[in-house]
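# Report on the structure
Listed below are the residues making up each chain.
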Amino acid sequence: MKKGTSRSKVPVWPYVLTGAIILFLILTVVLILKFCRVKAVIVEGNIHYSDEQIAAMVMDGYLGDNTIYLYLKYRDKEIKDVPFIETMSVSIDSRDTIRITVFEKSLAGYVEYMDRYIYFDRTGTVVESSQVLTAGIPLVTGLSFDHCVLYEPLPVEDPGMFEKVLDISQLMEKYGLEADRIHFALDGSLVLFFGDVEVYIGDDEFIDEKIMVLPDIIHKLGAQKGVIDLSDYNGGDTITFEKSD
């Protein structure tokens, strides 16, 4: 009698389990790609760049429009090394919405130097050199310097000028004004330019009161050209206007 050769049966459940896991992973990826696409981007704190420009910086590369990918990419990480930006952080509001919070560098003003716009902060430190003009940042003239270095203070005789620039810029923003230019005269006094209207501010004594009355005065002048003298204004009525052609 012949003895048959016995064969041990190979269990199939490991293959089934492996196939199920692979199928599950594929379905998960498909669902993530389909249902976690960015449909809304909320951008906060940006001035220099538009919402679209900020979104393009964050959502770059392959899968840049996927919220799960963006969460993993920017989790516990801030975006730096962007001109005019201190940092940017990215958070996920929902499966199709991301929020980008922008912290821009604190700019007090800019000067023109060698065909470039040199932006500085309240300490006079150069934070950016660009060929792009940023709206809302005042041009400052009358500062004397012979060179500038990125991330170093502008070498002016009186560094206190930069604090004055930021203070007056903040006051103008407070009262809804936007000067074309802030000028330092040779004696250090301030002159503001609003189109064809010059405003002599003088020193920074009663500076809040001087800026506070400006919007109403400029509005009443309409299209007139001339010089407003607020140098002696102290909250009273000492305001003069000299009309020019």
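So, a few notes on the structure that sits alongside this text. Note that the structure is a prediction, hence the values are computed from the model and not measured.

## Some remarks on the pairing of strand β3 (residues 97-104)
Consecutive side chains along a regular strand alternate between the two faces of the sheet. Relative to β3, strand β1 (residues 40-44) is paired through five bridges, and the arrangement is parallel. Paired with Glu44 across the bridge in β3 is Thr101. Of the strand pairs in this sheet, strand β2 (residues 85-94) and β3 are connected by eight bridges, and their pairing is antiparallel. The residue bridging Met88 from the neighbouring strand is Val102, located in β3.

## What to know about the layout of surface pockets
The space that makes up the largest pocket amounts to roughly 570 Å³. Forming the boundary of the largest pocket are 25 residues, of which Leu107, Gly136, Ile137, Pro138 and Glu173 lie nearest the centre. When residues of the lining of the largest pocket are assigned to their parent elements, the largest contribution, five residues, is made by helix α4 (residues 160-174). If you add up the space inside the second largest pocket, you get close to 160 Å³. Split into classes, the residues belonging to the lining of the second largest pocket amount to six nonpolar, three polar and two charged.

## Overview of the packing of α4 against helix α5 (residues 207-221)
For the pair α4 and α5, the least separation of the axes is 9 Å and the interaxial angle reads 40°. Along this stretch, α4 crosses α5, giving a crossing that reads as right-handed. Of the residues in α5, those touching α4 at Ile168, Leu171, Met172 and Lys174 are Ile207, Asp208 and Ile211. By residue class, the composition of the contact of α4 with α5 is five nonpolar, no polar and two charged.

## Thoughts on the sheet that holds β2
Spatially, β1-β3-β2 is the arrangement adopted by the three strands of the open sheet, whose pairing is mixed. Strands at the two margins of the open sheet, each flanked by one partner only, are β1 and β2. For this sheet, the mean inter-axis angle between neighbouring strands, taken without regard to orientation, is 20°. Its contacts with the sheet put helix α3 (residues 67-74) on β2 and β3, and the angle it makes with β2 is roughly 140°.

## A word on unusual backbone geometry
Here Leu63, not a glycine, exhibits a phi torsion of approximately 65°, which is positive. Turning to its location among the elements, Leu63 is positioned in the loop between α2 (51-58) and α3. You can call Leu63 partly exposed: its relative accessible area is 26%. With a phi angle near 65°, Asp115 is a residue other than glycine that sits in the positive phi range. One can find Asp115 in the loop between β4 (109-113) and β5 (116-120).

## Re the nonpolar core
In this structure, Leu143, Leu192, Val199, Ile211 and Leu214 are the most contacted members of the largest nonpolar core, which totals 36 residues. Counting only elements with at least two residues in this core, the list comes to β5, α4, β8 (181-184), β9 (190-194), β10 (197-202) and α5. Apart from the residues within four sequence positions on either side, Leu192 is in contact with Ile168, Met172, Arg181, Ile182, Val197, Glu198, Val199, Ile201, Ile211 and Leu214. Counting residues in hydrophobic clusters, the runner-up holds 22 residues, among them Tyr49, Val58, Val90 and Leu107.

## As for the packing of aromatic side chains
For the structure on display, the rule yields five aromatic pairs. Between the aromatic rings of Tyr110 and Tyr117, the centroid separation amounts to 5.6 Å while the plane-to-plane angle is 90°, which identifies the pairing as edge-to-face. For Tyr117, a relative accessible area of 22% puts it in the partly exposed group. An aromatic cluster of three or more residues is present, and its members are Phe84, Tyr110, Tyr117 and Tyr119. Sitting over the face of the ring of Phe193, Arg181 holds its NZ or CZ atom 3.9 Å from the ring centroid.

## A word on α3
Looking only at α3, the buried set comprises Thr67, Leu70 and Tyr74. Down the axis of α3, the buried set is contained in an arc of 60°. They therefore lie on one face. Taking the backbone nitrogen of Ile68 as reference, a side-chain oxygen 3.1 Å away marks Asn66 as the first, capping residue of α3. One or two steps after α3, the chain reaches Asp76, where phi turns positive at roughly 55°.

Conventions adopted
- Residues numbered from 1 in each chain as written.
- Predicted model: local features only at pLDDT ≥ 70, side-chain atom pairs only at ≥ 80, totals over all residues.
- Heavy atoms only, no water.
- Pairing = 2+ DSSP bridges.
- Helix = DSSP H or I, 4+ residues; strand = E, 2+ residues; numbered from the N terminus.
- 1 Å grid on protein atoms, 1.4 Å probe; cavity = no way out; pocket = protein on both sides within 12 Å on 5 of 7 lines; lining within 4 Å.
- Points joined across faces, edges and corners; volume = space filled by probe spheres on them.
- Nonpolar A, V, L, I, M, F, W, Y, C, P; charged D, E, K, R; others polar.
- Axes fitted to C-alpha atoms, helices over the stretch in contact; angles between N-to-C directions.
- Left-handed = near helix turned anticlockwise from the far one by under 90°.
- Contact = heavy atoms within 4.5 Å.
- Buried < 20%, exposed > 50% of the residue type's maximum accessible area, 1.4 Å probe, protein only.
- Core = buried A, V, L, I, M, F, W, Y, C linked by side-chain atoms within 4.5 Å.
- Phe/Tyr/Trp six-rings, centres within 6.5 Å; stacked < 30°, edge-to-face > 60°.
- Lys NZ or Arg CZ within 6 Å of the ring centre and 35° of its normal.
- Arc of directions from axis to C-beta.
- Polar contact = N/O pair within 3.5 Å; in protein donor to acceptor, adjacent residues only side chain to side chain.

Remember that the coordinates give geometry; whether it matters functionally is a separate question.
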